[in-house]
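A closer look at the structure
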Amino acid sequence: MTKRPDVKKLEKIAREIRVEILKMLTCAGSGHTGGSLSMVEILVGLYFYKFRCDPERPLCETRDIFILSKGHACPALYATLAHMNFFKKEELCTLRKAGTRLQGHPQRGLPGIEISSGSLGQGLSIANGYALAARLDKDKKHIYCVMGDGELDEGQIWEAMLTSAHYKLDNVCGIVDYNKFQIDGRTEDIKGLEPLKEKWQAFGWEVLEIDGHNLKEVTDAYDKAETIKGKPTVILAHTVKGKGVSFFENQNKYHGVAPSKEELGKALKELGAND
Amino acid sequence: MNINLKPTRDGFGEALVELGEKRQDIVALSADLTDSTRAGWFKKRFPERFFAMGVSEQDMICTAAGLALSGKTPFACTFGVFAAGRAWDQIRVSVAYMDLNVKIVGTHGGISVGPDGPTHQAVEEITLMRVLPNMTVIVPCDALEAKKATIASASCKGPVYLRLGRSGVPTITKPGDKFEIGKADTLRQGNDVAIIACGYEVYEALLACDALKKEGIAARVINLHTLKPVDRCAIVKAAKDTGAIVTAEEHSIIGGLGGTVSEVLAQEFPVPIEFIGVKDRFGESGSPEKLFKIFELTAEDIVKAAKRAIARKKMF
């Protein structure tokens, strides 16, 4: 019998992680607010429900693999990993500071960080490499790769999509954090992606389309992805950039800008956090 | 010297099959140049450990990174221009930055590619690879050395760029010769001038050494097969002993072997250096023999350069 997610509990965790993200970004004074907030439920639904890992032994062989291809959104991943006890929450405030393990973009070496990323478009190919190795080793691990929608402009993603489908890598689950924005503006204005679902399908992928902030839908999608055999699955998660804080939502100027102290205070109030 | 011609890519192909027999972690990928790179020999023997990536160099490099992260030792094979040129950022971020065990095999290095012309002749890729932290860069001089270099690369931790050639080259090393990454081999002793070469140019350097000998000039010949990490001691000793250096490479002198030697000597023991190599230009179509003349990469050119270097000693 499959375990069922406790959605209420996951929602509470998502709120706490948003608080941590905002605090660490304000503390750092720079970083990517919008794209971190948009993928919180994608991470929470995975790490606190589906994902096999052991924070005590981050490199244990039976772990699943998580790849953050859109490396700039690492504050969300750092906050999630700290919440999972891969490292102490106190370390979050070292984000982007000299000597930190929490580099401006993820660096392999920090417990829970599988790959260094930041230059877009490379994660899905790496996921395929893990998946091919797992197949050779008869290892049942699942490989999850979160991409941004702006990131899909990179041709390498489409090369990798062909590879995953060609090798029938059903141990690969791609997730697109489809928040509809990239640095220069709306994705549909910069370089239109639609019809995106049909494009992934035409490339040989199973496509699950969900509300990326609804933790019931997110966890259901992860459950469903596991059952798809003979081809890779992608979850197109419709999200809102800056989700969770009214004055950041769909405000693209917060793509790469951290909240000021005043904004942090207001944001925490909205999220029901005290400090 | 055994002048049976054999391309360095053949030495690689043989070694990869041998490695595959011994080690389960060895896997290979190719970006639609499986036969040309000789990865095809491995594919034939170990089809389940070979991955055709199509014409997608960037995808290939990062897929190799994923395989390496899973404990495999991948050899990612394509032409040098495409490996280093098209996938440079992938090599930088997903391989070198993570110090992964990915072996990048760039065949068809240099102008000896011949008729295919400049788009396919890599004359810049040593520079592109050498600048990356953690990267080892090896340029074998013959098929036998290429075989040893491949085997050594498989056991060396971290990323390696192996530069190989398309055309047959004379086998100048012997089966018993020791190959050690980062350790230059002195092939001829001499104290009037030192010719430091890599790849096919080592053969031309030996011919030049013989010609110089006839004129009473004793040239040292050093096979600098590893451009990085470079054997600083061998270079500095050559400069101190001879006071005049000639570098010879089938690659741009900007950042290649000439650049490497200059960086070392400028810091440790400056002496006159003359450069044999591609002088800030693209290649062109033609037979390798003809192109070596046009690009002034022949033994005759090395002899002239040696004399220039020796003459400049007085001015130093």
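Just so we're clear, the structure is a prediction, and the values are computed from it rather than from any experiment.

What chain A contains, in helices and strands, is 10 helices and seven strands. Taken over the C-alpha trace, chain A has a radius of gyration of 17 Å; the compact-globule value for 275 residues is 19 Å, and the two agree within 12%. By principal-axis analysis of the C-alpha atoms, chain A measures approximately 50 × 45 × 40 Å. Considering only intrachain contacts with a sequence separation of at least 6, the fraction spanning at least 24 residues in chain A is 76%. Counting only carbon and sulfur atoms, one obtains 50% of the accessible surface of chain A, whose full area is about 11,100 Å². Separation between the mean location of the 39 positive side-chain charges and that of the 38 negative ones in chain A comes to 3 Å.

All right, on to the sheet that holds strand S6 (residues 136-138) of chain B then. Residues and elements named next belong to chain B. Taken in spatial order, the seven strands of this open sheet run S3-S2-S4-S5-S7-S6-S12, and their pairing is mixed. What marks the edges here is a single partner per strand, and that holds for strand S3 (50-52) and strand S12 (226-228). Strand-to-strand, the axes of this sheet are offset by a mean angle of 20 degrees, without reference to chain direction. Here helix H3 (residues 57-69) sits on the sheet in contact with strand S2 (26-30), S3, strand S4 (73-79) and strand S5 (103-107), set at roughly 170 degrees to S4.

Another point: the interface of chain A and chain B. Across the contact, 22 residues belong to chain A and 23 residues belong to chain B. Taken as a group, A:Gln122, A:Leu136 and A:Glu159 account for 25% of the area that chain A buries against chain B, more than any other trio of residues on that side. Taken together, the links from chain A to chain B amount to one salt bridge. Our count for the contact surface shared by chain A and chain B stands at 11 residue pairs in polar contact (both at pLDDT 80 or more). Secondary structure elements with two or more residues in the side of chain A that touches chain B: helix H5 (123-136) and helix H6 (155-166) of chain A. Ranked by residues supplied to the side of chain A that touches chain B, first place goes to H5(A) with eight residues.

Here chain B averages 97 in pLDDT, and 99% of its residues register 70 or above. This prediction of the complex comes with two scores: 0.97 for pTM and 0.97 for ipTM.

Before going further, it helps to examine the sheet that holds strand S1 (residues 65-68) of chain A. Residues and elements named next belong to chain A. Taken in spatial order, the five strands make up an open sheet running S1-S2-S3-S7-S6, and their pairing is parallel. At either end of the open sheet lies a strand with only one pairing partner, and these are S1 and strand S6 (206-211). Strand after strand, the sheet turns through a mean of 20 degrees between neighbouring axes, direction not considered. Here strand S2 (residues 143-148) runs beside strand S3 (residues 172-178); their pairing, made up of six bridges, is parallel. Residue pairing for S3: Ile143 is matched across the bridge by Val172. Strands S2, S3, S6 and strand S7 (233-238) of the sheet are contacted by helix H9 (residues 215-227), whose axis makes an angle of about 170 degrees with S6.

What follows is about a negative patch on the surface. Where like charges cluster on the molecular surface, the negative patch consists of A:Glu188, A:Asp189, A:Glu194, A:Glu198 and A:Glu209. With respect to the helices and strands, A:Glu188 occurs in helix H7 (residues 187-190).

What follows covers the nonpolar core. Ranked by internal contacts, the top residues of the largest apolar core, which has 82 residues, are A:Leu124, A:Trp200 and B:Ile245. Top contributing element to this core by residue count: H3(B), with eight residues. In terms of domain composition, this core takes at least three residues from each of domain 1 (2-171) and domain 2 (185-307) of chain B. If you look at the next biggest cluster of nonpolar residues, it comprises 59 residues, including A:Leu25, A:Leu81, A:Phe248 and A:Leu268.

The rules we used
- Residues numbered from 1 in each chain as written.
- Chains lettered and ligands numbered in written order.
- Predicted model: local features only at pLDDT ≥ 70, side-chain atom pairs only at ≥ 80, totals over all residues.
- Heavy atoms only, no water.
- Helix = DSSP H or I, 4+ residues; strand = E, 2+ residues; numbered from the N terminus.
- Rg over C-alpha atoms; globule rule 2.2 N^0.38 Å.
- Contact = heavy atoms within 4.5 Å.
- Areas by Shrake-Rupley, 256 points an atom, 1.4 Å probe, with all protein chains shown as cover.
- Lys, Arg positive; Asp, Glu negative; His and termini not counted.
- Charge placed at Lys NZ, Arg CZ, Asp CG, Glu CD.
- Pairing = 2+ DSSP bridges.
- Axes fitted to C-alpha atoms, helices over the stretch in contact; angles between N-to-C directions.
- Buried area = accessible area lost by both parts, 1.4 Å probe.
- Salt bridge = Lys/Arg side-chain N within 4 Å of Asp/Glu carboxyl O.
- Polar contact = N/O pair within 3.5 Å; in protein donor to acceptor, adjacent residues only side chain to side chain.
- pLDDT = per-residue confidence, 0-100.
- Patch = residues over 30% accessible without salt bridge, like charges linked within 9 Å, V, L, I, M, F, W, Y side chains within 5 Å.
- Core = buried A, V, L, I, M, F, W, Y, C linked by side-chain atoms within 4.5 Å.
- Buried < 20%, exposed > 50% of the residue type's maximum accessible area, 1.4 Å probe, protein only.
- Domains from an automatic or database assignment.

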